[in-house]
Amino acid sequence: MSPATVVLVLLSLVGLSAVRAEDPYLYFTWNVTYGTIAPLGVPQQGILINGQFPGPNINSTTNNNIVINVFNHLDQPFLLSWNGIQQRKNSWQDGMYGTNCPIPPGKNFTYHFQVKDQIGSFFYFPSMGMHKAAGGFGGLRINSRLLIPVPFDPPADDFTVLIGDWYAKDHSVLARLLDAGRSIGRPAGVLINGKTGKDTTGKDDAPLFTVEAGKTYRYRICNVGLKTSLNFRIQSHKMKLVEMDGSHTVQNVYDSLDVHAGQCYSVLVTADQTPRDYYMVASTRFLKDTQTSTAIIRYAGSTTPPSTVLPDGPVGWAWSFNQWRTFRWNLTASAARPNPQGSYHYGSINITRTIKLLNTRTRVGGKVRYAINGVSHTDPEIPLKLAEYFNITDKVFKYNLVGDVPPATDAAVTVAPNVMTAEFRTFIEIIFENPEKTVQSYHLDGYSFFPVGMGPGKWSTDSRRTYNLLDAVSRHTIQVYPKSWTAIMLTFDNAGMWNLRSEIWEKHYLGQQLYISVLSPARSIRDEYNIPDNVIRCGAVTNLPLPPPYA
């Protein structure tokens, strides 16, 4: 063999190995349209993806590249966001208005992101306005790679269960109510995978899932609703909790689980009862009048309908708080990487900064607004990330209008873009205080965090004595009970612009959110990707020249 031939063979082998080493790609084309739906028996305008309500599930594996070409056939701008997907170094794909110009009507945009170093159960949703009230959401699962051990045997099947409250009014009507300073009120019902479990005559819908006696199944339960905490249970069956918000948990067994807005849980359920039909039940929590939805699980071959006696749900928020205290991180299980989850000792890291965030309800100009530390967020014409990247922030927003401690209770609320800075790779403690009579739920894009403590009343430094500094479950969404506090800890090691928001969507819509700007001083693609070539530009950045790329 000649030297030239040897070189060609080696080059071809190197090229082949490079192709094999690249993580797989999943391609999707989604057409977003309006369509008439009637989940509560009342026809209303829904948002469909490829004609489906809910939208199609994404079934991926750790490190897959996901490419989704979204065509917007609505008469309004549209965005999709990916609840819990960390978008490492890539807030360009986060899909919130603070990071992305929306897709104009009649246009398309291709999202391209990697589910880097993640496993677990997530969902996507439309993030503009009140679109979330019309549908457009769906499940997104990230399976473990084959070489990574999973702390339970493979289930016989894997089911996505999207639960959420539902309103019979169109999303545009709900938006007008909020714009007028009114509340959207209580939901009209609860849905499980887009249905209430009954048809218009009151008969049960067809079975949602079919199981075989003796086999074990995985159920991924996500609360995709607008505001209401829900309790989930399965008639006569126990649920073994194995994962929440992308982390493996200690495998405790539960009769029911409280799932707050924006949260996802995975449970294993063994079909170990007498073969027949059984109800899954989702019911509202912390409301005066409980609303309930059902869906049928059928044992293969069953002709026996489910019992009409539904299992009772829990009462009171103390029960929910005590359940939260039983959740523990599985320290010995691997997550997306081979090393055990517990090899990250968050409790031994020095806190560099403490931020206390107080959510409040107020009136501005006679209309209801919701605020965090005295600032009620409003979206500017230009997404915050683009203004920052093109160095025109002075024309769009001011950093750090919100402080690390709440202002005096009688201070006037500022309505403005709410952007806080966090130093890259610092370990920060955030305290959420909720003085209201309703449950709050907070989500942080781009990260997972450790909810180390909760308690009634106001937080103080003495509250740290109660912290769980060993095995708090790393997650992306956490509840704050009425007149209580919740403390989280995390390292801000993901450069970008990230939305911290109330998952109570009317509060989010009326200002209870902020963005955290995390900049790498190195301006290196090691820390953050350059702006994508296909990014949609809008407003003042439309025709600006690109800044120098990251090194």
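Throughout what follows, the structure given in this document is the object of discussion. (Residues numbered from 1 in each chain as written. Predicted model: local features only at pLDDT ≥ 70, side-chain atom pairs only at ≥ 80, totals over all residues. Heavy atoms only, no water.)

## Section: the overall build of the protein chain
Thinking step 1. Secondary structure summary: the protein chain contains five helices and 32 strands in total.
Thinking step 2. Computed over C-alpha atoms, the radius of gyration of the protein chain comes to 24 Å, within 12% of the 24 Å expected from 2.2 N^0.38 for 551 residues, which places it in the range of a compact globule.
Thinking step 3. A burial count over the protein chain gives 56% of its 551 residues as buried.
Thinking step 4. Taking all contacts inside the protein chain whose residues are at least 6 apart in sequence as the whole, residues at least 24 apart take part in 77%. (Helix = DSSP H or I, 4+ residues; strand = E, 2+ residues; numbered from the N terminus. Rg over C-alpha atoms; globule rule 2.2 N^0.38 Å. Buried < 20%, exposed > 50% of the residue type's maximum accessible area, 1.4 Å probe, protein only. Contact = heavy atoms within 4.5 Å.)

## Quick notes on the sheet that holds strand β11 (residues 209-211)
The strands that make up a sheet pair up through hydrogen bonds in the backbone, lying either parallel or antiparallel.
Thinking step 1. Strand order in the open sheet made by the five strands is β11-β20-β19-β13-β17, with mixed pairing throughout. For this open sheet the edge positions go to β11 and β17 (256-259), each flanked by a neighbour on one side alone. Each neighbouring strand pair of the sheet contributes to a mean axis angle of 25°, computed without reference to strand direction.
Thinking step 2. Two elements, strand β13 (residues 230-234) and β17, share four bridges in a ladder whose sense is antiparallel. (Pairing = 2+ DSSP bridges. Axes fitted to C-alpha atoms, helices over the stretch in contact; angles between N-to-C directions.)

## Quick notes on the pairing of strand β22 (residues 367-372)
Thinking step 1. Most of β22 is tucked away, with five of its six residues classed as buried.
Thinking step 2. Bridge count for strand β21 (residues 353-364) against β22 is six bridges, and the pairing is antiparallel. Counted as the bridge partner of Thr360 is Ala371 from β22.
Thinking step 3. A loop of two residues connects β21 with β22, the two strands running antiparallel in sequence, and Gly365 in this loop sits at a positive phi of about 65°.

## A closer look at the state of the cysteines
Thinking step 1. The full count for this structure, using the stated rule, is two disulfides.
Thinking step 2. The disulfide bridge from Cys101 ends at Cys538, spanning 2.0 Å between sulfur atoms. Taking the torsion about the sulfur-sulfur bond, which here is approximately -80°, the covalent link between Cys101 and Cys538 counts as left-handed. With Cys101 in the loop between β5 (80-83) and β6 (108-114) and Cys538 in the segment after β32 (513-518), this pair connects stretches of sequence that are 437 residues apart. Each member of the pair, Cys101 as well as Cys538, carries the same accessibility label: buried.
Thinking step 3. Going through the protein chain in sequence order and numbering each bonded cysteine, the pairs you get are 1-4, 2-3. (Disulfide = S-S within 2.5 Å.)

## Some thoughts on the sheet that holds strand β29 (residues 477-480)
Thinking step 1. Across the sheet, five strands lie side by side as β25-β32-β31-β27-β29; this open sheet has mixed pairing. Every other strand in the sheet has two partners, leaving β25 (419-421) and β29 as the edge strands with one partner each. Each adjacent strand pair in this sheet contributes to an overall mean axis angle of 25°, direction not counted.
Thinking step 2. Two elements, β25 and β32, share three bridges in a ladder whose sense is parallel. In the strand pairing of β32, Thr421 is matched with Ser517.

## Quick word on the pattern of salt bridges
Should the charged atoms of two oppositely charged side chains come close, the side chains can pair.
Thinking step 1. As enumerated under the stated definition, the model contains 24 salt bridges in all.
Thinking step 2. The shortest N-O distance in the salt bridge between Arg425 and Asp527 comes to 3.2 Å. Of the two residues, Arg425 sits in the loop between β25 and β26 (427-434) while Asp527 sits in the segment after β32, which places them 102 residues apart along the sequence.
Thinking step 3. For Asp527, a relative accessible area of 3% puts it in the buried group.
Thinking step 4. Across the pair Glu429 and Arg464 runs a salt bridge, and its minimum N-O distance is 2.7 Å. Note that Glu429 is positioned in strand β26 and Arg464 in the loop between β28 (450-456) and β29, a separation of 35 residues in sequence. (Salt bridge = Lys/Arg side-chain N within 4 Å of Asp/Glu carboxyl O.)

## So, the environment of Gln251
Thinking step 1. Within the fold, Gln251 resides in the loop between β15 (247-248) and β16 (253-254).
Thinking step 2. Using a relative accessible area of 26% as the deciding quantity, one classes Gln251 as partly exposed.
Thinking step 3. Counting along the chain gives 32 residues from Gln251 to Ser283, while the straight-line C-alpha distance between them is 24 Å.
Thinking step 4. Setting aside chain neighbours within four positions, we find Gln251 in contact with Pro151, Phe152, Lys240, Leu241 and Val242.
Thinking step 5. Engagement of the side chain of Gln251 in a polar contact is seen with the backbone oxygen of Pro151, the distance being 2.8 Å. (Polar contact = N/O pair within 3.5 Å; in protein donor to acceptor, adjacent residues only side chain to side chain.)

## A word on helix α3 (residues 317-325)
Thinking step 1. Every buried residue belonging to α3 is among Ser320, Phe321, Gln323 and Trp324, and all of these are buried. The buried side chains of α3 occupy one side of the element, clustering within an arc of 160° when seen end-on.
Thinking step 2. Of the surrounding secondary structure, the elements contacted by the buried residues of α3 are β16, β17, β28 and β29. (Arc of directions from axis to C-beta.)

## Structural notes on the pairing of β13
Thinking step 1. Buried residues dominate β13, accounting for five of its five residues.
Thinking step 2. Across five bridges, the pairing between β13 and strand β19 (residues 277-284) is antiparallel. Residue pairing across strands places Leu230 opposite Thr284, the latter belonging to β19.

## So, the packing of aromatic side chains
Thinking step 1. In the structure shown here, the tally under the stated rule is 33 aromatic pairs.
Thinking step 2. Between the aromatic rings of Phe209 and Tyr219, the centroid separation amounts to 5.9 Å while the plane-to-plane angle is 75°, which identifies the pairing as edge-to-face. Taken together, the residues Phe209 in strand β11 and Tyr219 in strand β12 (residues 216-223) connect sequence positions 10 residues apart. Take Phe209 and Tyr219: they sit in the same class, and that class is buried. (Phe/Tyr/Trp six-rings, centres within 6.5 Å; stacked < 30°, edge-to-face > 60°.)

## Notes on the nonpolar core
Thinking step 1. Ranked by internal contacts, the top residues of the largest apolar core, which has 74 residues, are Tyr219, Met280 and Phe492.
Thinking step 2. For Tyr219, the residues in contact, after removing those within four places along its chain, are Phe159, Val161, Phe209, Val211, Tyr265, Ser266, Val267, Val269, Met280 and Ile297.
Thinking step 3. In terms of nonpolar packing, the next biggest core, distinct from the first, is built from 72 residues, Ile66, Leu74, Phe78 and Leu79 among them. (Core = buried A, V, L, I, M, F, W, Y, C linked by side-chain atoms within 4.5 Å.)

## Quick look at the side chain of Gln479
Thinking step 1. By secondary structure assignment, the location of Gln479 is in strand β29.
Thinking step 2. By relative accessible area, which is 1% here, Gln479 ends up buried.
Thinking step 3. Within the structure, the side chain of Gln479 is placed 3.0 Å from the side chain of Tyr481, a separation counted as a polar contact.
Thinking step 4. Residues in contact with Gln479, not counting those within four places in the same chain, are His260, Gln263, Trp324, Val439, Gln440, Ser441, Met454 and Thr486.

## Considering helix α2 (residues 171-179)
Thinking step 1. Taken as a whole, α2 has its buried residues at His171, Leu174, Ala175, Leu177 and Leu178. Here the buried residues of α2 occupy an arc of 155° about the axis, which is enough to place them on one side.
Thinking step 2. Buried residues along α2 sit against β1 (25-37), β2 (44-49) and α5 (505-509).
Thinking step 3. Count one or two residues on from α2 and you reach Gly181, which has phi positive near 85°.

Any functional reading would require information that these geometric values do not contain.
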